2 protein chains.
Amino acid sequence: MNDTSRTGEANQALAPLLRLWAEVDDLGKASSILAWDQETQMPSKGGAARGKLQATLAGLRHEKLVSSEMEDALRAAEEGAVDGTPEHAQVREARRAFDRAARIPGELARALAEAATLSHESWVAARKAADFSLFERDLAHMIGLKREEAGLLARGDITPYDALLDQWEPGMTEAKLVPLFAELRDVLAPIVHGVRECGRTIDESPARGDFPAAAQYAFGRSMAEAIGFDFDAGRLDLAPHPFCSGFAPSDVRLTWRFDAGDFRPALFGILHEAGHGLYEQGLPGAWQRTPIGGAVSLGVHESQSRLWENLVGRSRAFWEWALPRFHAHFPGASGVTLDALLPALHTIQPSLIRVEADQGTYDLHIAIRFELERAIFAGELEARDLPDAWDARYGAFLGVRAPSVADGVLQDIHWSMGGFGYFPTYTLGNLINAQLFTAARAALGDLDAMFARGEFAPLLGWLRENVHAHGARYTATELVERATGRPLSAADFLADRAATAASVYGVTT
Amino acid sequence: MNDTSRTGEANQALAPLLRLWAEVDDLGKASSILAWDQETQMPSKGGAARGKLQATLAGLRHEKLVSSEMEDALRAAEEGAVDGTPEHAQVREARRAFDRAARIPGELARALAEAATLSHESWVAARKAADFSLFERDLAHMIGLKREEAGLLARGDITPYDALLDQWEPGMTEAKLVPLFAELRDVLAPIVHGVRECGRTIDESPARGDFPAAAQYAFGRSMAEAIGFDFDAGRLDLAPHPFCSGFAPSDVRLTWRFDAGDFRPALFGILHEAGHGLYEQGLPGAWQRTPIGGAVSLGVHESQSRLWENLVGRSRAFWEWALPRFHAHFPGASGVTLDALLPALHTIQPSLIRVEADQGTYDLHIAIRFELERAIFAGELEARDLPDAWDARYGAFLGVRAPSVADGVLQDIHWSMGGFGYFPTYTLGNLINAQLFTAARAALGDLDAMFARGEFAPLLGWLRENVHAHGARYTATELVERATGRPLSAADFLADRAATAASVYGVTT
């Protein structure tokens, strides 16, 4: 039997699975579009009806995913799958999703979807009013549901919290993350300490001033377009917090927010979300609506956003090209020079807000959430305890305290949507992005010279080929190793952090 | 057995039906939200993926609607339903939807949903380019699918086109509409002729000038708010054509468009859509996600939009209150007086664009579409014939000819979405709105005095009580008769048209 006929057979064995999967995938996409709509468009009174609708879609998706038809199709496909082929990966990913879903009753899947919609609404209200009590009851309900889900998924070595991590980063565990966060803290804490002790403060005035919203939108959009984001297959909307949702490579939505007195949150937020968006737009068209058509993991997803935000967007070479464009969009900032601006893009300074934190302190924000989430799923913390627990850890890790819960425990959307176990993927993204960038530089040569000419297509092409085009064909671990030639480590990321501390603050650790 | 226990039993017999129905309803709502998104938000390349997604949702909805579980629940509910109760109406509406769907194969339901999404995209492109050939193939495909659907639904006296009419206006038939359109043409054509012959032209300059988009939005929105539209349960977005989509009484979306040189299209478009929106926001909360929770028919829906647009929004009394507000929003029009403006709101003049046509000629636009659609479903017209057939009828009915297909056969969205049989409901809306308004005036007294004080709540309250709150509990015929005390006729509408021709043009017929 030759290879072609084996592939033919494998495809035939796979067909029923793929037919069923396309519907499951569509139902998930419909939920995502409705969630985007809730975030950006839905009127304030629409939450209750939307919650019921999301519960129905989640219930039907679950029903289709764990149906006996799906189980039979999956078994048949498994028999024909040849190791190392895309078909094998299809079956692997379908099996993973099926096994997870089969442990969860449909009623719980529905309840989680409805709770996510409703507690998102109360989180928005609580944050606006800076009043945790408006959110506490819904958060407690959500934690209860997630504990139930995690309990059903835990088995053997897999802890309940591991089961939640696995949803976003397949195979990730507390046991792997605990030493990683310890390593990061060991290196980053002395850098932060050294910066604080060195007495040098960065002049951030070049990044501050009067930046009208319309000009920030136009500038941010033009930068997203310059790095390759296709606005005929995407859009950019104002929203209370920045995010990216991809419904197909041809329909990818970014959101942004702004500070009228500082251009950095909007610009780097847009570059970040556009980095996510480039990944979504680069996913393999032929595998859409199949188990391997989406992103492999959130860690890899986050590596794409951070690479464009930080390693491209904050580089001197990028600004050699971007600065005249910046001046054209913001005539009031026409006196800002490259040398004056660059340090303001590389501050290292403990702060309150994760999404605006610098790269030196960002992972300490994540470490705080990791500790809190572990405690919640070990049964050591309840919703009502979170404001105090939050403040205590911010004091210990970063030496800061939020003046209000709005900038404290209510700052992130994730818990309101049931996104426990999601935060650590941000840190994995930092590690992966640094390692990918090293490999891209080795493959492509002088990236800086390209950036300085506004040429981002070679880098995007390399990412398309080595990351985006594979969808979920390989596991995240395999993908990183294939793309970079070595297993994932924190080395490149920490070296970059140390180099920045040295060059900007003169601090060596 | 007393009445309470009978109701209790009926409710119990109904419970399984309602549980299944809620999911069917949710899937329909999800499709509507995605259609709204396609119209107002989706990037241009998103159509193909959206088409597949809509096909999946339509297929699942169909599957759930015609399931044996649903059939059993429906039979059980039918046994317990007591004539005249809301429960009886629930069963009637569920049976109607079930019987329709059961004649349609799931594959056809999916194909129709996908075709609607795709041919909508090609219609947008064709209209933009004023090139019918870009749309012809998709329209021919859509006509083929609708003929197939209509053929499956036709039986006995019910013609294929009747089956399509019934989807929008339950029970409506060609046999009822042919004499109605003849009656309308008999009365309206002489009015239009008389106006043309009388030699008087209306000075429309008070409605023309420089009306910036932002001011038109602010004014239109404030007027929608004034008549009672709740913006915490709704929104208003710019779109290529005005429409209203209700996903729940708490989430109703209006769209608008504008002419920067004439305030009328935007204002009356917004009042029209807000009229639809008031109906959606007034639907019975307790019956949401049940067979009688929605609007009873599109004719009744259209009566609500036309009542607020025309009978309220174009009245002298309304403008006594609105004119100072108009001046405040448009300082450039501060010289416009009530007496100068009013005639410009009541012109009678053959024109090209249906949605902007006056009330004297509007129903002739509908009569054209009614004739064309009948011919299509009698197999006498194909997609390729439509541009010429369109022009011929516009010549015969209105004496005008579109300079381009964009303002001719491509002007309406309906056919691209498969909405054949929909247009006649606009004319029914005209009849119903006039008859309802007469009844409201009889019940409430001096409506003009209220409008002149900006008091619209009494009229809205009457409509809420007599129309909105009933959802689909009664048939449209029953509802109109209950609300007005007599069967629907064209009398009030035609009397209003004749009175306007007399007062504005001095024409009596």
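None of these values were measured; they are calculated from a predicted model.

1. Examining empty space enclosed by the protein
Residues and elements named next belong to chain A.
Moving on, step 1. Tallied over the full model, the rule gives 4 cavities of 30 Å³ or more.
Moving on, step 2. Roughly 40 Å³ of volume is contained in the largest cavity.
Moving on, step 3. Contributing to the lining of the largest cavity are Phe 135, Trp 390, Val 409, Asp 412, His 414, Trp 415 and Phe 423.
Moving on, step 4. Here the lining of the largest cavity is composed, by residue class, of 5 nonpolar, 1 polar and 1 charged.

2. Overview of the environment of Ala 239 of chain A
All names here are of chain A.
Moving on, step 1. Looking at the element boundaries, Ala 239 is found in the loop between strand E1 (234–238) and strand E2 (244–248).
Moving on, step 2. The exposure class of Ala 239 is buried, given its relative accessible area of 9%.
Moving on, step 3. Between the C-alpha atom of Ala 239 and that of Asp 388, which follows or precedes it by 149 residues, the distance is 28 Å.
Moving on, step 4. In contact with Ala 239, not counting residues within four places along its chain, are Thr 40, Thr 255, Trp 256 and Arg 257.

3. Notes on the side chain of Ser 245 of chain B
Residues and elements named next belong to chain B.
Moving on, step 1. Looking at where Ser 245 falls in the secondary structure, it is placed in strand E2 (residues 244–248).
Moving on, step 2. The class of Ser 245 is buried, set by a relative accessible area of 15%.
Moving on, step 3. Discounting chain neighbours no more than four positions away, the residues touching Ser 245 are Trp 36, Asp 251, Val 252 and Arg 253.

4. Quick look at the relation of the copies chain B and chain A
Moving on, step 1. Least-squares fitting of chain B to chain A yields an RMSD of 0.0 Å, with the superposition described by an axial translation of 0.0 Å and a rotation of 180 degrees. Such values leave the two copies arranged in the relation of a two-fold axis.
Moving on, step 2. Residue by residue, 100% of the interface of chain B is reproduced at the interface of chain A, so both copies engage with the same surface.

5. So, the packing of aromatic side chains
Residue and element names in this part refer to chain B.
Moving on, step 1. Across all of its chains, the model carries 62 aromatic pairs over all chains by this definition.
Moving on, step 2. Judged by centre distance (4.9 Å) and plane angle (25 degrees), the ring pair of Phe 181 and Phe 370 falls under stacked. In this pair, Phe 181 is assigned in helix H8 (residues 174–198) and Phe 370 in helix H14 (residues 362–377), connecting sequence segments 189 residues apart.
Moving on, step 3. When its relative accessible area of 4% is taken as the criterion, Phe 370 is described as buried.

6. Observations regarding the sheet that holds strand E1 (residues 234–238) of chain B
Residue and element names in this part refer to chain B.
Moving on, step 1. Strands sit in the order E1-E3-E2 across an open sheet of 3 strands; the sheet is mixed. Strands with a single pairing partner mark the edges of an open sheet, and in this sheet they are E1 and E2. Adjacent strand axes in the sheet meet at a mean angle of 15 degrees, parallel and antiparallel pairs treated alike.
Moving on, step 2. Inspection of the sheet shows E2 paired to strand E3 (residues 251–256) by 4 bridges, in the antiparallel sense. Note on E3: the bridge partner recorded for Cys 244 is Leu 254.

7. Comments concerning the pairing of strand E3 (residues 251–256) of chain A
Residue and element names in this part refer to chain A.
Moving on, step 1. Across the 6 residues of E3, 6 count as buried, placing the element largely inside the fold.
Moving on, step 2. A two-sided burial pattern is seen for E3, the buried positions comprising Asp 251, Arg 253 and Thr 255 on one face and Val 252, Leu 254 and Trp 256 on the other.
Moving on, step 3. Pairing of E1 with E3, which is carried by 5 bridges, proceeds in the parallel orientation. Bridge pairing in E3 links Gly 234 to Val 252.
Moving on, step 4. With antiparallel pairing between neighbouring strands as the criterion, E2 and E3 make up a hairpin whose turn holds 2 residues.

8. Concerning the interface of chain B and chain A
Moving on, step 1. Residue-level contacts link 38 residues of chain B with 38 residues of chain A.
Moving on, step 2. Buried surface at the junction of chain B and chain A, both sides included, amounts to about 2,900 Å², of which 55% is carbon and sulfur.
Moving on, step 3. By the criterion of area lost to chain A, the three top residues of chain B are Gln 41, Pro 43 and Lys 45 of chain B, representing 17% of everything that side buries.
Moving on, step 4. Where chain B touches chain A, the interface holds 10 salt bridges.
Moving on, step 5. A salt bridge links Lys 64 of chain A to Glu 63 of chain B; its shortest N-O distance comes to 2.8 Å.
Moving on, step 6. The interface formed by chain B and chain A contains 21 residue pairs in polar contact (both at pLDDT 80 or more).
Moving on, step 7. Mapped by element, the contributors of at least two residues to the side of chain B that touches chain A are helix H1 (3–40), helix H2 (47–65), E1 and E3 of chain B.
Moving on, step 8. Here the side of chain B that touches chain A takes 10 residues from H1 of chain B, the largest share from any one element.
Moving on, step 9. Residues belonging to the side of chain B that touches chain A are distributed by class as follows: 14 nonpolar, 7 polar and 17 charged.

9. Focus on the packing of helix H8 (residues 174–198) of chain A against helix H20 (residues 491–505) of chain A
All names here are of chain A.
Moving on, step 1. Closest axis-to-axis distance for the H8/H20 pair is 11 Å, and the angle between their directions is 5 degrees. Taken together, the axes of H8 and H20 are roughly parallel relative to one another. Taken together, the residues of H20 that come into contact with H8 (itself represented by Glu 183, Leu 184, Val 187, Leu 188, Ile 191, Val 195 and Cys 198) are Phe 493, Leu 494, Arg 497, Ala 498, Ala 501 and Tyr 505.
Moving on, step 2. In terms of residue class, the contact of H8 with H20 is built from 11 nonpolar, no polar and 2 charged.

10. A word on the pattern of salt bridges
Moving on, step 1. Counting across every chain of the model gives 78 salt bridges over all chains.
Moving on, step 2. Its salt-bridge partner being Arg 95 of chain A, residue Asp 99 of chain A comes within 3.1 Å of it at the nearest N-O pair. Taken as a pair, Asp 99 of chain A and Arg 95 of chain A lie in helix H4 (residues 86–102) at a separation of 4 residues, close to a single helical turn.
Moving on, step 3. Notably, a salt bridge pairs Arg 208 of chain B with Glu 204 of chain B, separated by 3.5 Å at the nearest N-O pair.
Moving on, step 4. Among the residues examined, Glu 204 of chain B registers a relative accessible area of 12% and is labelled buried.
Moving on, step 5. Here the residues in one salt-bridge network are Arg 92, Glu 93, Arg 96, Arg 100 and Asp 166 of chain A, joined through shared partners.

11. Regarding unusual backbone geometry
Residues and elements named next belong to chain A.
Moving on, step 1. We note that Ala 130 has phi near 50 degrees; this positive angle belongs to a residue other than glycine.
Moving on, step 2. Tracing the backbone shows Ala 130 in the loop between helix H5 (106–129) and helix H6 (133–153).
Moving on, step 3. Under the relative-accessibility criterion, Ala 130 is labelled partly exposed at 36%.
Moving on, step 4. Residues other than glycine seldom take positive phi values, yet Arg 289 does so here, at roughly 65 degrees.
Moving on, step 5. With respect to the helices, strands and loops of the structure, Arg 289 is situated in the loop between helix H10 (264–281) and helix H11 (298–312).

12. Let's talk about the domain arrangement of chain A
All names here are of chain A.
Moving on, step 1. Each assigned domain of chain A is listed with its residue range as follows: domain 1 (3–153) and domain 2 (175–505).
Moving on, step 2. Computed from C-alpha atoms alone, the centre-to-centre distance between domain 1 and domain 2 is 26 Å.
Moving on, step 3. Summed over both partners, the interface of domain 1 with domain 2 buries about 3,500 Å², with 65% contributed by carbon and sulfur atoms.
Moving on, step 4. Here Arg 147 makes a salt bridge to Glu 382, at a shortest N to O gap of 3.0 Å.
Moving on, step 5. Our count for the contact surface shared by domain 1 and domain 2 stands at 14 residue pairs in polar contact (both at pLDDT 80 or more).
Moving on, step 6. A class-by-class count of the residues in the side of domain 1 that touches domain 2 yields 20 nonpolar, 8 polar and 11 charged.

13. A short note on helix H11 (residues 298–312) of chain B
Because each turn of an α-helix spans 3.6 residues, side chains separated by three or four positions in sequence point in the same direction.
Residues and elements named next belong to chain B.
Moving on, step 1. Between the first and last C-alpha of H11 there are 20 Å, a value that for 15 residues agrees with the 21 Å anticipated at 1.5 Å per step.
Moving on, step 2. Along its length, H11 shows its largest kink, about 35 degrees, at Arg 306.
Moving on, step 3. Of all the 15 residues making up H11, 15 are buried; the element is thus mostly covered by neighbouring parts of the structure.
Moving on, step 4. In this structure Ser 297 caps H11, since a side-chain oxygen of it lies 3.3 Å from the backbone nitrogen of Gly 299.

14. Remarks on helix H18 (residues 457–466) of chain B
All names here are of chain B.
Moving on, step 1. Those residues of H18 lying buried are Leu 459, Leu 460, Trp 462, Leu 463 and Asn 466. One side of H18 carries all its buried residues, which in axial view fall inside an arc of 160 degrees. The exposed set on the far side of H18, more than 90 degrees from its buried face, consists of Ala 457 and Glu 465.
Moving on, step 2. Looking at the buried side of H18, the elements it contacts are helix H9 (213–227), helix H10 (264–281), H11, helix H16 (424–444), helix H17 (447–452) and helix H19 (476–484).

15. Quick word on the sheet that holds E3 of chain A
All names here are of chain A.
Moving on, step 1. Strand order in the open sheet formed by 3 strands is E1-E3-E2, and the pairing between neighbours is mixed. At either margin of the open sheet sits one strand with a lone partner, and together these are E1 and E2. Strand-to-strand twist across the sheet, computed as the mean angle between neighbouring axes with direction ignored, equals 15 degrees.
Moving on, step 2. The sheet strands contacting H10 are E1, E2 and E3, and the helix crosses E3 at an angle near 165 degrees.

16. Digging into the confidence of the model for chain A
Residues and elements named next belong to chain A.
Moving on, step 1. Averaged over every residue, the pLDDT of chain A is 95; the share at 70 or more is 98%.
Moving on, step 2. Every residue in residues 1–6 scores below 50 in pLDDT, and together they form 3 contacts with partners more than four places removed in sequence or on other chains.
Moving on, step 3. ipTM for the predicted complex: 0.93, alongside a pTM of 0.94.

Criteria and thresholds
- Residues numbered from 1 in each chain as written.
- Chains lettered and ligands numbered in written order.
- Predicted model: local features only at pLDDT ≥ 70, side-chain atom pairs only at ≥ 80, totals over all residues.
- Heavy atoms only, no water.
- 1 Å grid on protein atoms, 1.4 Å probe; cavity = no way out; pocket = protein on both sides within 12 Å on 5 of 7 lines; lining within 4 Å.
- Points joined across faces, edges and corners; volume = space filled by probe spheres on them.
- Nonpolar A, V, L, I, M, F, W, Y, C, P; charged D, E, K, R; others polar.
- Helix = DSSP H or I, 4+ residues; strand = E, 2+ residues; numbered from the N terminus.
- Buried < 20%, exposed > 50% of the residue type's maximum accessible area, 1.4 Å probe, protein only.
- Contact = heavy atoms within 4.5 Å.
- Least-squares fit on C-alpha atoms with pLDDT ≥ 70 in both.
- Phe/Tyr/Trp six-rings, centres within 6.5 Å; stacked < 30°, edge-to-face > 60°.
- Pairing = 2+ DSSP bridges.
- Axes fitted to C-alpha atoms, helices over the stretch in contact; angles between N-to-C directions.
- Buried area = accessible area lost by both parts, 1.4 Å probe.
- Salt bridge = Lys/Arg side-chain N within 4 Å of Asp/Glu carboxyl O.
- Polar contact = N/O pair within 3.5 Å; in protein donor to acceptor, adjacent residues only side chain to side chain.
- Parallel < 35°, antiparallel > 145°, perpendicular 65-115°, else oblique.
- Domains from an automatic or database assignment.
- Expected span 1.5 Å × (residues − 1).
- Bend = angle between axes of the 7 residues up to and from the residue.
- Arc of directions from axis to C-beta.
- pLDDT = per-residue confidence, 0-100.

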